[in-house]
Each structure stands twice: as C-alpha cells, then as structure tokens.
Amino acid sequence: MGARFGQAALWCARRLAIMVGMLLVVATIVFLITQALPGDLPRQILGQAATDAQIARLSEQMGLDRPLIVQYFEWLGGMLRGDLGVSLASGTPVATLMGPRIAATAFMVTVAAAITLPAAFALGIAAARRPGGALDHAISGTVFVIMSMPEFVIAIALVAILATNVFHVLPATAALDPRIPIWDQANLIVLPLIAMVITALPHLTESVKATVREELSSEHVRWARLSGIPERTVLTRYALANVVPPSLQICVQTVGYLIGGTIAIETVFSFPGIGSGLANSVMTRDITSIQSIAVLIAAVLIALYAVADAVGLVFTPRARRPVGGNR
Amino acid sequence: MSTVHAEHSSASTLRRMARDPRCVAGVLGCIVIVALALIGPAVAPFDPAAFVGPAFSPPSGGVPLGTDHLGRDVLTVTLNGGTAFLAQGIGGAALALAAGLIFGIAAAISARPVRGALAFAMDSMVIVPQILLSLVVIAAFGASPTTLVIAVGLGQTMPTARVIRAAALRVAHEDYYLAALAIGENPVQRVFREILPGIAPTVLVELGVRLTASFVAIASLSFLGFGGGSIEWGRMIHDNQGGLAIQPWATIVPVVLIAVFLLSVHLVRDGAARALAEAMRR
C-alpha cells in the first residue's frame with residue numbers, strides 16, 4: 001500500500017515538473033517573439049509622427065529601457081503571482097479588461113464541450129459498430145467537408161441560412177448585454193454555440209470511430225464474444241474501457257480547438273469573449289494583453305492535459321502497477 | 001537503378017489518382033479556382049478601386065453581383081482577390097515546411113541534450129492553438145501581407161517539425177544511416193545523402209497537410225482583418241458581413257470560392273495520400 005502511494009506521489013511530482021517546464025517554454029517563446037524581435041516597438045505603436053519624448057516615455061512605461069532579461073523575469077514573476085500586467089492600449093489592468101471576456105468564453109467553451117464530447121462519442125461508437133453502414137459513410141463525408149473549412153466559413157454559412165437570407169429564426173449577432181447574466185440571453189448564444197460544436201465535432205468523432213473499430217476487431221473482444229458474453233457487455237466492459245485513455249488526450253485537443261476556434265467565431269457574431277478580445281488587442285498592438293492571454297490559454301490546456309493523463313492512468317490498470325511487481 | 005524505380009512508382013501513383021473520382025473532382029476544383037485567380041485581374045470589368053454605385057446595391061445590368069461596402073463592383077473585387085490568397089497560402093506552407101525540416105531533423109540527429117530540449121520545446125509549443133501563435137507574431141510585427149505569411153508559417157512550424165522528427169528518427173536507426181555514421185560522413189552529408197531521401201515520402205504528405213492548413217489559416221487571419229489592406233477573399237467577407245441581409249452576394253461569393261477551393265485541395269491531398277500509401281505497399 002505504502003509503495004503504491006509512493007509511486008503515485010512520484011508520478012504526480014514528475015508530471016508537475018513537466019507541466020511547469022512546458023509552460024516555461026511557451027512563456028519564453030511568446031515573450032521572445034513579442035519583445036525581443038522587433039527593433040522599435042514604441043515607434044511602431046505610436047506611429048512615425050510621434051516625438052522622441054513620447055517614444056522615450058512609452059519605452060519607460062513598457063519597461064523597454066531595461067535589459068531584456070530583467071523585463072523577462074519581471075513579466076514571468078508577475079504571471080506567477082497572477083498579475084496579467086497592464087494593457088498597453090488602454091492603461092487598465094489586463095485582468096480588469098479581459099476578466100468578463102474570459103468568463104464569457106469559459107462559459108461558452110464549457111457548454112460547447114458538454115455537447116461536443118458526448119455527441120462525438122455517441123456518433124463515433126455508433127458508426128464503428130457498423131463499418132461501411134449508412135451512418136459510417138454519412139459521418140466520414142460530413143467530417144471530411146467540415147474539416148476542410150475554416151471556422152468563420154461555417155459561422156457565416158450558419159448566419160446566412162438561419163439568421164438572415166434563407167430563414168430568419170435566430171439573431172445574427174451575439175452582442176451580449178453585460179448587465180444581464182449570460183444564460184438569460186440564451187437566444188443570442190445559440191448560433192455561436194452551434195458553430196463551435198459543428199467545427200469541433202468532426203475530429204473527435206473520427207478518432208473515437210477509429211479507436212473503437214480497432215478495439216472491436218481485437219483478439220480480446222473476439223474471445224469475449226466467443227465466450228458468449230452479450231454484445232452490450234462486450235462493448236461497454238471490454239471494448240470501451242480501452243478506448244477511454246487514448247480518447248482523453250483527443251478530448252483535451254478538442255477543447256483546444258474550441259478555444260482556438262472562438263477567435264474567428266466570436267468575431268463573426270460580435271460576441272464579447274476572449275477570442276474577439278484577442279483579435280481587438282492585435283489590432284491595437286496591445287502586446288501585454290496578448291502575451292498574458294496566450295500564456296493563460298496555454299496554462300489551461302497544459303493543466304487539462306495533465307488531468308487527462310491522470311484520469312487515463314486510473315483507467316489503465318497495467319500502467320499503475322508497481323514496476324517489477326506482479327510478475 | 002533507384003531513380004528508375006522512383007519514376008515508375010510516381011507514375012503509378014499519378015495513375016491511381018487519375019482513376020479516383022474524388023481526387024479528379026478535387027483537381028478540377030483546384031484548376032477552376034486557380035484559373036479564376038490568375039486570369040481574374042485581366043478580365044475584370046472595372047478597376048478594383050473604382051466606385052461604381054452606392055454601397056451594398058443589389059445586382060443590376062452593369063454590376064452582375066452588386067456592389068460591396070464601399071460601392072465597388074463585387075465581381076471585379078472577387079476576380080482580383082484570389083492571387084494574393086493563393087500566393088500567401090503557398091508561402092505559408094513553404095515556410096512551415098522549411099522551418100519544420102530544419103527543427104525536425106535537428107531534433108532527430110543532433111547531440112543528445114540538444115535533441116531532448118528541441119523535442120520538449122516542440123511538445124510544449126503544439127499545445128498552443130496555431131491561430132493564437134500567429135496572432136502573437138502579427139501583434140509583434142504589425143499586420144502586412146509579409147507578416148501574414150510569416151505568422152502562418154511560424155504557427156505551423158512545430159507540428160511540422162514533430163512529424164519530420166519522427167520520420168528522421170526512423171531513418172537514424174536504419175543500418176545505412178549507422179554505416180554512414182561509421183564511415184565518418186559529416187552531418188551535412190548525412191542530412192542530404194541519408195536523411196532527406198529517406199524521409200521524402202513523409203515530406204510529400206506533410207506538404208499536402210501544410211498547404212491545406214496554411215490556406216485555412218490565411219483565410220481566417222485575413223477574415224479577422226490582418227491581411228494588411230490587400231484585396232483578398234477573406235478580407236471581402238470581413239468587410240461585407242454587415243450587409244449580409246441586404247446584399248448577400250458580396251459575402252457569399254468569396255465564402256463559396258474559399259469553401260470550394262479548400263474542399264478541392266483536401267480532396268486532392270487525400271487522394272494523393274491514398275495513392276502514395278498503395279504504391280508504397282506494393
């Protein structure tokens with residue numbers, strides 16, 4: 001028992017170190033791209049007409065007059081304390097500026113994931129049980145078409161079909177009223193949610209289908225069937241148990257798609273979230289906001305991957321058996 | 001001897017693709033869109049900057065697709081908006097592949113600590129959504145057509161590098177590579193004589209993947225308004241989306257062109273990958 005607990009603690013410590021390392025790599029590369037490469041950022045931001053005094057003031061404000069390494073560690077230290085910095089464009093703290101947007105997008109991504117993940121598993125498993133059947137073909141075809149399209153094309157097509165030109169059943173924009181809770185404006189967020197689900201669904205469905213199909217044609221499932229175990233039990237107890245661990249990684253990847261997809265989808269619907277906020281920040285060259293949000297998103301995804309690994313471990317008895325024992 | 005074999009197999013790959021109806025449809029779609037983009041500027045009825053009527057006016061005799069948000073002819077702008085899109089897409093894919101080859105091969109054959117560090121950096125960076133990385137690059141350098149290509153290329157460098165690394169690692173474990181190492185070939189010779197020929201099929205498939213992804217990324221980023229002012233299909237959609245209810249053609253026409261083109265590229269890539277896999281099995 002004690003040995004097993006030690007193993008788990010060791011695994012957690014190792015995983016935590018890897019997470020921190022990954023986040024450091026991302027933060028460093030993002031910092032290097034935004035701070036170190038361009039020669040004259042303040043002049044680019046203020047324009048050619050700016051006076052030298054204005055340039056010097058902005059440089060000082062951005063801390064660009066100090067050595068790069070000092071800037072890097074101050075920024076990193078701030079991020080570790082949860083301080084996202086001050087927006088270059090507006091002078092307000094990034095947390096104040098982006099906080100409501102982060103909450104709105106987190107809500108949307110959670111709801112979209114809550115629809116996408118079960119739907120993808122249901123569709124993928126159903127298609128895998130009858131290879132070459134109508135559902136299998138329909139899914140492969142749809143997946144192929146949707147995977148070729150950028151998110152905004154699907155979002156605009158939805159607006160044209162459901163909100164303007166063909167039918168007019170839903171509002172074309174999702175400009176939320178910040179004074180009312182988001183769930184009380186449900187009619188506004190239906191179309192963006194549909195767009196998010198449609199764009200994120202194909203990849204996961206396809207990979208669930210492939211994994212389940214492989215599992216159903218494996219030796220141990222064949223033996224379970226030959227032993228007279230009912231098909232339903234074979235599917236749930238024998239096949240799906242092995243599908244969960246590899247699929248968890250792709251579930252997190254799907255959440256990554258959902259987050260990346262919000263940038264274009266929120267812009268199409270004028271939804272006040274982190275995606276459209278990022279697009280605006282790039283327009284105004286608000287470097288601090290972009291750095292902080294990029295690292296924040298990376299941190300969330302890295303944490304989710306770690307959770308997926310841990311849950312996958314619980315589902316894989318072989319992997320958590322102490323090394324060398326039970327031979 | 002080996003060239004004869006390679007020619008034979010590439011000819012049979014092409015024959016296989018020609019027999020695949022989906023692949024043929026994809027090739028036709030690509031030809032139509034590329035022809036439209038290349039010949040378009042020459043046959044457009046107006047100057048792309050000319051104002052021919054009030055903003056968002058519906059189709060009429062002289063302007064078959066109506067006008068856009070500035071009152072320009074939608075047909076003319078459409079015919080002029082394809083060249084930049086195609087050129088930027090190809091540029092982004094080429095950059096991603098070149099950078100991916102450098103990082104990927106370096107991560108496979110350099111000294112152990114460098115190898116490990118590069119692999120760890122790749123695994124970390126692929127977690128960040130590609131479009132987010134592209135936005136970071138655009139924010140740093142400012143929106144321009146060149147930045148757009150760099151942003152898309154860099155955004156896809158790490159996923160490409162991972163694929164190349166995996167293929168190069170396989171070659172690095174082959175006997176012929178170990179033999180080259182033993183007879184003292186220098187790293188440059190090893191890369192050009194052993195690694196590159198060994199990973200050629202992977203590079204070819206990856207080129208297809210990167211082209212599709214790069215066109216998608218270019219379309220998305222110029223839709224977001226980061227194309228730097230050039231006339232371009234993604235930008236048209238961005239500018240005219242507000243008039244969707246009164247003058248849908250200004251938005252729908254570029255949306256359909258982008259959709260048809262991306263679907264066609266995907267069909268060709270898929271057909272080519274299938275044919276290549278079949279040819280390799282023989």
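The structure displayed is predicted, hence computed values, not measured ones.

## Focus on the overall build of chain B
Each helix and strand counted, chain B has 12 helices and zero strands in total. C-alpha atoms of chain B, sized along the principal axes, occupy 75 × 45 × 25 Å. Every one of the 282 residues in chain B was classed for burial, and the buried ones make up 51%. Here chain B has roughly 12300 Å² of accessible surface; of this, 69% comes from carbon and sulfur atoms. Averaging the locations of the 18 positively and 15 negatively charged side chains of chain B gives two centres separated by 9 Å.

## As for the interface of chain A and chain B
Interface extent is often summarised as the accessible area lost during association of the parts. Contact with chain A, which involves 46 residues of that partner, is made by 40 residues of chain B. When chain A packs against chain B, the two sides together hide about 3700 Å² of surface, and 85% of this comes from carbon and sulfur. Considering only the surface of chain A that becomes buried against chain B, Phe144, Phe152 and Ile156 of chain A emerge as the three largest contributors, covering 17% of it. Where chain A meets chain B, there are zero salt bridges. Sorting the residues of the side of chain A that touches chain B by element identifies helix H1 (2–36), helix H2 (41–46), helix H6 (134–148), helix H7 (151–164), helix H10 (231–269), helix H11 (274–283) and helix H12 (287–315) of chain A as the ones contributing at least two each. Top contributing element to the side of chain A that touches chain B by residue count: H1 of chain A, with nine residues. Taken together, the residues of the side of chain A that touches chain B sort by class into 35 nonpolar, nine polar and two charged.

## Side note on H6 of chain A
The terminal C-alpha atoms of H6 of chain A lie 22 Å apart, and with 15 residues this matches the ideal 21 Å at 1.5 Å per residue to within 8%. Taken together, the buried positions of H6 of chain A are occupied by Asp136, Ile139, Val143, Phe144, Ile146 and Ser148 of chain A. Where H6 of chain A is buried, its residues contact helix H5 (94–129), H7 and helix H8 (186–216) of chain A together with helix H10 (187–223) and helix H12 (249–281) of chain B.

## Things to note about the confidence of the model for chain A
Taken as a whole, chain A shows an average pLDDT of 81; of its residues, 90% reach a score of 70 or greater. Taken together, the stretch residues 323–327 of chain A has pLDDT below 50 and engages in two contacts with residues farther than four places along the chain or on a different chain.

## A look at the side chain of Thr147 of chain B
Residues and elements named next belong to chain B. Take Thr147: it is sitting in helix H7 (residues 145–155). On the basis of relative accessibility, which here comes to 8%, the residue Thr147 falls in the buried class. Ignoring anything within four residues of it in the chain, the contact list for Thr147 reads Val137, Ile138, Phe141 and Gly142.

## Observations regarding the environment of Val216 of chain B
Residue position: Val216 of chain B is located in helix H10. Note on Val216 of chain B: relative accessible area 19%, which makes it buried. With 43 residues separating them along the chain, Val216 of chain B and Ala259 of chain B place their C-alpha atoms 9.6 Å apart. Ignoring anything within four residues of it in the chain, the contact list for Val216 of chain B reads Ser148 and Pro150 of chain A together with Leu262 of chain B.

## Notes on the packing of aromatic side chains
Overall, the coordinates contain eight aromatic pairs over all chains when judged by the stated rule. Centre to centre, the rings of Phe85 of chain B and Trp233 of chain B are 5.8 Å apart; their planes meet at 45 degrees, and the pair counts as tilted. A residue pair is termed long-range when its members are at least 10 positions apart, and Phe85 of chain B in helix H4 (residues 82–109) and Trp233 of chain B in helix H11 (residues 233–240) qualify at 148 residues. Of the two residues, Phe85 of chain B and Trp233 of chain B, neither departs from the other in class, the shared state being buried. Members of the aromatic cluster, joined through ring pairs, are Phe31, Tyr72, Phe73 and Trp75 of chain A.

## Describing a nonpolar patch on the surface
Residues and elements named next belong to chain A. On the surface, Val307, Val311, Val314 and Phe315 cluster together into a nonpolar patch covering about 340 Å² of accessible area. Considering the arrangement of structural elements, one finds Phe315 in helix H12. Look at Phe315 and you get partly exposed, because its relative accessible area is 42%.

## Quick word on the packing of H4 of chain B against H7 of chain B
All names here are of chain B. Where H4 meets H7, the axes come as close as 7 Å, and the angle between the chain directions of the two elements is 40 degrees. Between H4 and H7, the angle falls in the class oblique. In this structure, H4 meets H7 at a crossing whose hand is right-handed. Facing H4, whose interface residues are Gln88, Gly91, Gly92, Leu95 and Ala96, H7 presents Pro145, Leu148, Val149, Ile150, Val152, Gly153 and Leu154. Grouping the amino acids of the contact of H4 with H7 by side-chain chemistry returns eight nonpolar, four polar and no charged.

## Topic: the nonpolar core
Ranked by size, the top nonpolar core spans 125 residues in total, and within it Phe152 and Phe269 of chain A together with Leu221 and Phe261 of chain B carry the most contacts. It is H12 of chain A that contributes the most residues to this core, 12 residues altogether. When residues of this core are assigned to domains, at least three map to each of domain 1 (2–80) and domain 2 (100–318) of chain A. With residues near it in sequence (within four places) discarded, Phe152 of chain A still touches Ala264 and Val268 of chain A together with Ala219, Ser220, Phe223, Ile237 and Ile258 of chain B. With 17 residues, the next largest nonpolar core counts Leu201, Val208, Ala224 and Val243 of chain A among its residues.

Here is what the cut-offs are and how they apply
Residues numbered from 1 in each chain as written. Chains lettered and ligands numbered in written order. Predicted model: local features only at pLDDT ≥ 70, side-chain atom pairs only at ≥ 80, totals over all residues. Heavy atoms only, no water. Helix = DSSP H or I, 4+ residues; strand = E, 2+ residues; numbered from the N terminus. Buried < 20%, exposed > 50% of the residue type's maximum accessible area, 1.4 Å probe, protein only. Areas by Shrake-Rupley, 256 points an atom, 1.4 Å probe, with all protein chains shown as cover. Lys, Arg positive; Asp, Glu negative; His and termini not counted. Charge placed at Lys NZ, Arg CZ, Asp CG, Glu CD. Contact = heavy atoms within 4.5 Å. Buried area = accessible area lost by both parts, 1.4 Å probe. Salt bridge = Lys/Arg side-chain N within 4 Å of Asp/Glu carboxyl O. Nonpolar A, V, L, I, M, F, W, Y, C, P; charged D, E, K, R; others polar. Expected span 1.5 Å × (residues − 1). pLDDT = per-residue confidence, 0-100. Phe/Tyr/Trp six-rings, centres within 6.5 Å; stacked < 30°, edge-to-face > 60°. Patch = residues over 30% accessible without salt bridge, like charges linked within 9 Å, V, L, I, M, F, W, Y side chains within 5 Å. Axes fitted to C-alpha atoms, helices over the stretch in contact; angles between N-to-C directions. Parallel < 35°, antiparallel > 145°, perpendicular 65-115°, else oblique. Left-handed = near helix turned anticlockwise from the far one by under 90°. Core = buried A, V, L, I, M, F, W, Y, C linked by side-chain atoms within 4.5 Å. Domains from an automatic or database assignment.

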